[in-house]
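# Descriptive structure summary
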Amino acid sequence: MNISTDIGVWVGALFAIAIYSILYKDNLAYSVVESIFIGATTGHAIVVGVQTFKSTAWTPLVGGKLLFVVPLIFGALLYTRYFPSVSWLNRWPLALMMGTSAGVAMRGAIESQVVAQVSATFVNLLDINKFLIFLGTVLSLTYFFLTFQIKGKASLLPKIGRYFMMAAFGAAFGNTVMGRISAAIGRFQFIFVKWLGLGS
Amino acid sequence: MTFFEKVQNLDKRVFYLLMALAIAIPTIRPIGLPVTITSPVKKTFDFVESLPSGSVVVIGFDYEPGDEIELSPQAKALFVQLARKKIKVVTISSFPVGPMFAEECLKVLKDAGYQYGVDYVNLGYYAGGESTLAAFAKNPASIFSKDWHGNDVASMPIMKEITGMKDFAMAMTLNDGPTGGTGTHEWVRQSVMAYGTPFIIGCTGVLAANNMPYLDSGQVKGVLSGLRAAAEYEQLVGKLGDATRGMDAQSIGHVLIVAFVLLGNLGMLASRRRRSAGGEKK
Amino acid sequence: MHLAKRTIPVAIAFVCGIIQVVDYFFKIESVNTWAQEIRSWVSIVAIFALGLGAVNVLRVHLKKVRQAPSESLNSILLLITFLVTISIGLTAGQSSKPYKFIFDYIIVPTGSAIFSLLAFYIGTAAYRAFRAKNAEAAILLVTGCIVMLGKVPLGEKIIPFAPKWTTWIMEVLNVGGQRGVMIAGAIGFVAVSLRIIIGLERRTYGVD
């Protein structure tokens with residue numbers, strides 16, 4: 001056992017242990033570390049925000065890109081929400097962001113998530129796996145068909161579609177477990193290997 | 001009351017303890033079980049291998065601390081391969097913490113003799129998600145006039161070769177989801193669909209399943225998902241690291257969860273049987 | 001006031017959205033230039049939005065400290081850490097040793113420890129809630145367990161066919177199911193986007 005002499009490693013390990021203490025029961029150590037974390041993370045967002053502001057807005061503006069005055073004013077308007085008499089002004093920058101984001105996202109979504117996916121579904125249907133993908137896609141889609149209720153024997157189609165989706169969600173669950181355990185592995189490696197000097 | 005029913009009433013902290021042991025013991029005493037290479041990872045590796053030497057790629061560090069263990073090892077293993085092929089790297093990030101992770105992973109390139117500003121650059125954070133990524137894709141200079149270190153981007157040799165997304169030989173995102181940053185769907189829309197730039201996804205295990213349709217449709221050239229993919233990539237590039245070390249704990253953790261699921265279901269069956277037996281008696 | 005409070009925001013959303021759509025499908029130089037300009041504007045406005053979160057956190061905790069200073073240890077610590085992080089970040093820079101200390105030994109370990117609590121919760125959830133109560137739940141459970149085992153080397157030792165089946169589940173069953181969800185979701189997403197652009201979904205930017 002070769003315990004780390006790095007003060008930072010000690011802080012990181014003790015903070016992680018304080019977080020894990022919530023698994024036993026709620027306690028002061030957990031809430032203290034949680035508060036410190038929120039303070040540091042919020043501070044970090046501001047530091048990065050200032051740096052990004054310099055890079056994206058300020059440098060081009062002082063370099064002659066005067067049109068950037070518009071987003072600067074719109075950005076400042078976001079803070080009118082804290083002044084009830086003029087809070088409606090924050091609708092303008094929100095409308096700018098929402099309208100642009102909707103336009104940008106919408107234009108590519110049809111091509112990439114609808115057209116390209118449909119094209120890929122109707123390929124090589126004599127191959128059993130490709131046929132199953134085709135079947136899964138079409139039947140899953142029938143589940144979302146809400147214009148009228150599918151009745152009688154045809155109601156079997158959305159039911160099988162639901163089975164396909166359940167298989168997909170099961171796969172997603174299996175992968176989710178992998179992700180969550182990985183996160184703990186990272187911390188345990190830090191505590192046992194980096195801090196306590198145990199193992200590899 | 002049967003054994004399975006008794007187990008159902010156990011304090012949840014017993015399960016927490018078992019889980020902690022399942023991860024801690026293999027972390028301290030690794031078993032070294034071999035990891036086999038899966039097809040999505042091999043496809044990704046082969047695609048990167050096919051890139052021309054000297055070309056430039058863009059990589060998005062779109063993740064937060066909770067997913068660092070899954071995605072940073074992917075990035076480091078990939079950088080080993082990129083360094084061998086002398087491929088230049090531009091990094092951007094849609095999370096405020098992303099540039100710091102990028103900086104850490106880019107040490108692999110620095111150690112391989114890469115020169116900052118010439119062979120690689122960390123452009124830093126951008127706010128605004130997909131809209132800003134679209135602006136970057138059209139003209140990177142419109143978003144980044146300075147890099148993460150505050151250097152002038154226009155004067156960097158690496159950026160002189162780049163006028164937009166179309167000039168990158170490959171785009172990649174290391175992604176933990178769209179909440180607060182730019183997700184994989186957004187990247188596909190703004191790289192592959194808008195400019196035809198070959199794209200690969202490095203994602204957390206959580207996102208693996210819903211990105212597979214892109215691999216099947218050929219819109220993306222490869223998908224790396226979670227710590228497992230990172231461990232496989234480490235093997236492919238021949239440099240074992242954190243991911244490979246973590247696979248034993250991952251193994252025990254998964255088996256334990258499957259055991260929990262089985263135990264829970266056996267308990268349910270036992271209760272059902274008892275209830276139906278009780279009903280018959282009445 | 002109706003103009004400023006309702007009409008102008010709707011007009012802004014409409015113009016900004018339509019320009020982006022036209023920009024994608026047509027090569028009209030003035031539209032292409034303005035579309036790019038507006039996207040750059042969004043990136044700047046979004047930086048200001050970062051500060052909103054900080055202002056909210058500050059307001060809540062300053063209020064707590066003012067109201068009951070003796071019971072506000074957590075709020076005081078939060079505010080101190082916030083100010084220290086900003087001071088170091090803006091004066092010494094993010095590459096400085098003290099700032100890297102905050103990032104490497106406070107933000108990363110604590111953030112990932114908080115997130116990794118889910119590993120423990122998912123274990124008990126799997127035990128208590130993941131039950132094969134009907135056909136759908138059974139399919140979910142079986143595919144989930146096979147994928148869990150197929151993704152790790154030990155799973156392969158226990159059930160040798162698990163990795164092969166996992167690959168098949170991920171690349172066939174999963175693709176079929178996920179693709180249906182993806183297409184349906186994208187259609188819904190496009191419909192909502194369109195409603196935002198033409199002013200039918202005004203609540204997204206605060207107009208009733």
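Residues numbered from 1 in each chain as written. Chains lettered and ligands numbered in written order. Predicted model: local features only at pLDDT ≥ 70, side-chain atom pairs only at ≥ 80, totals over all residues. Heavy atoms only, no water.

Per an unreviewed UniProt entry, chain A goes by the name Sulfate exporter family transporter and belongs to Candidatus Fermentithermobacillus carboniphilus.

### Some words on the confidence of the model for chain B
As a note on interpretation, predicted positions should not be read in detail where pLDDT is low. All names here are of chain B. The line we're drawing: pLDDT expresses, on a scale from 0 to 100, how confident the predictor is about each individual residue. Numbering of helices and strands starts at the N terminus; helices are DSSP runs of H or I of at least 4 residues and strands are runs of E of at least 2.
Across chain B, the average pLDDT comes to 93, with 98% of residues at 70 or higher. Mean pLDDT across the elements of chain B bottoms out in helix H1 (residues 3-8) (74) and peaks in strand S2 (residues 88-93) (98). We note a pTM of 0.93 for the whole complex and an ipTM of 0.91 for its interfaces.

### Some points on the UniProt feature "transmembrane region" (unreviewed entry) in chain A
Going by this rule: UniProt positions are given in the numbering used here, feature names are shortened, and annotations may be inferred rather than shown by experiment.
Mapped onto the present numbering, the UniProt feature "transmembrane region" (unreviewed entry) falls on residues 7-23, 29-50, 62-80, 92-110, 131-148 and 160-178 of chain A. Summarising residues 62-80 of chain A: 53% helix, 0% strand, and an end-to-end C-alpha distance of 25 Å.

### Notes on the nonpolar core
Test applied: We define the nonpolar core as a collection of buried residues of types Ala, Val, Leu, Ile, Met, Phe, Trp, Tyr and Cys that are connected through side-chain atoms lying within 4.5 Å of one another. Relative accessibility decides the category of a residue: with a 1.4 Å probe and only protein chains considered, values under 20% of the type maximum give buried, values over 50% give exposed, and everything between is partly exposed. When checking whether two residues touch, look at their non-hydrogen atoms; a contact exists if any pair is within 4.5 Å.
Ranked by internal contacts, the top residues of the largest apolar core, which has 111 residues, are Ile-59 and Phe-61 of chain B. Top contributing element to this core by residue count: helix H4 (residues 97-129) of chain C, with 14 residues. If we ignore the near neighbours within four places in the chain, the residues touching Phe-61 of chain B are Ala-75, Phe-79, Thr-91, Ile-92, Ser-93, Ser-94, Gly-98, Phe-101, Ala-102, Cys-105 and Leu-174 of chain B. Judged by nonpolar contacts, the second largest core, of 52 residues, contains Leu-139 of chain A together with Phe-168, Cys-203 and Met-212 of chain B.

### A closer look at the layout of surface pockets
This is how it is decided: Only protein atoms enter the 1 Å grid, on which a cavity is a set of points fitting a 1.4 Å probe that cannot get out and a pocket is an open set with protein on both sides within 12 Å along at least 5 of 7 lines, lining residues being those with an atom within 4 Å of a point. Grid points are joined across faces, edges and corners, and a volume is the space filled by probe spheres set on the points. Only Asp, Glu, Lys and Arg are considered charged in this grouping, and only Ala, Val, Leu, Ile, Met, Phe, Trp, Tyr, Cys and Pro are considered nonpolar; every other residue, Gly among them, is considered polar.
Size it by volume and the second largest pocket reaches roughly 800 Å³. The wall of the second largest pocket is formed by 31 residues, among which Lys-194 of chain A together with Glu-68, Lys-76, Glu-104 and Asp-242 of chain B lie closest to the centre. Breaking the lining of the second largest pocket down by element, the ones donating at least two residues are helix H6 (156-195) of chain A, helix H4 (68-84), helix H5 (98-111) and helix H11 (242-281) of chain B together with H4 of chain C. The element contributing the most residues to the lining of the second largest pocket is H4 of chain B, with 7 residues. When the residues that make up the lining of the second largest pocket are grouped by side-chain class, the tally is 14 nonpolar, 5 polar and 12 charged.

### With respect to the pattern of salt bridges
How we decide: The term salt bridge refers to a pairing of a side-chain nitrogen on Lys or Arg with a carboxyl oxygen on Asp or Glu at a separation within 4 Å.
With the rule as written, the count across this model stands at 17 salt bridges over all chains. A salt bridge links Lys-107 of chain B to Glu-104 of chain B, with the shortest nitrogen-to-oxygen separation between them at 3.3 Å. Linking Lys-107 of chain B with Glu-104 of chain B, this pair stays in helix H5, spanning 3 residues, or about one helical turn. Bridged by salt links that share partners, the residues Arg-107 of chain A together with Asp-23 and Arg-39 of chain C form one connected network.

### A short note on the sheet that holds strand S5 (residues 199-203) of chain B
Think of a sheet as strands paired side by side through backbone hydrogen bonds, with each pair either parallel or antiparallel. Residue and element names in this part refer to chain B. To be explicit about the condition: Here, strands pair whenever DSSP counts at least two bridges between them. As a rule, the C-alpha atoms of each element are fitted with a line to give its axis, helices using only the stretch in contact, and angles between N-to-C directions run from 0 to 180 degrees.
Within the open sheet, the 6 strands sit side by side as S3-S2-S1-S4-S5-S6. Their pairing is parallel. Edge positions in the sheet fall to strand S3 (120-125) and strand S6 (222-225), since each of these pairs with one other strand and no more. For this sheet, the mean inter-axis angle between neighbouring strands, taken without regard to orientation, is 15°. As paired strands, strand S4 (residues 170-175) and S5 are joined by 5 bridges and run parallel to one another.

### Description of helix H9 (residues 205-217) of chain B
Note: α-helices contain 3.6 residues per turn, so residues at a spacing of three or four share the same orientation. Test applied: To get the bend at any residue, fit one axis to the seven residues that end at it and another to the seven that begin at it, then take the angle between the two axes.
If you look at H9 of chain B, its biggest bend is around 45°, right at Asn-211 of chain B, and the proline Pro-213 of chain B turns up within four residues after that. Taken together, the buried positions of H9 of chain B are occupied by Gly-205, Leu-207, Ala-208, Ala-209, Asn-211, Met-212, Pro-213, Tyr-214 and Leu-215 of chain B.

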